[in-house]
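Each chain, written out:
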Amino acid sequence: MTLKQTDILSQHQVHQQAEDYDRWFSEQVQQALNDPRPALPHDEAMAKLEAMLKEKRTLRARRAAG
């Protein structure tokens, strides 16, 4: 089976995208590990997130009501 030039280029692009993503992800992990701020407990993070979502839902409901 012979590969067409477009197949080879496509495979190269997919491989390059995977490498780029791996590099980006590794950098994000390293930045998180290097972050000097204290860790936020899971329960506290979830409570903050839930409060933000509740506020967004409230604003969306108000806009929909007119």
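Notes on the structure follow. Bear in mind that the values here come from a model prediction, so they are computed numbers and not experimental data. (Residues numbered from 1 in each chain as written. Predicted model: local features only at pLDDT ≥ 70, side-chain atom pairs only at ≥ 80, totals over all residues. Heavy atoms only, no water.)

**Notes on the packing of aromatic side chains**
Within this structure, the stated rule accounts for two aromatic pairs. Ring geometry for Tyr 21 versus Trp 24: centroids 5.7 Å apart, planes at 40 degrees, classification tilted. Here Tyr 21 pairs with Trp 24, and both are found in helix α1 (residues 5–34), just three residues apart, close to one helical turn. Among the residues examined, Tyr 21 registers a relative accessible area of 48% and is labelled partly exposed. When the ring of Tyr 21 is compared with that of Phe 25, the centres are 6.1 Å apart and the planes differ by 25 degrees; the resulting orientation is stacked. Remark: Phe 25 and Tyr 21 occur in helix α1; sequence separation between them is four residues, near one turn of the helix. Connected via pairs of aromatic rings, a cluster forms that spans Tyr 21, Trp 24 and Phe 25. (Phe/Tyr/Trp six-rings, centres within 6.5 Å; stacked < 30°, edge-to-face > 60°. Helix = DSSP H or I, 4+ residues; strand = E, 2+ residues; numbered from the N terminus. Buried < 20%, exposed > 50% of the residue type's maximum accessible area, 1.4 Å probe, protein only.)

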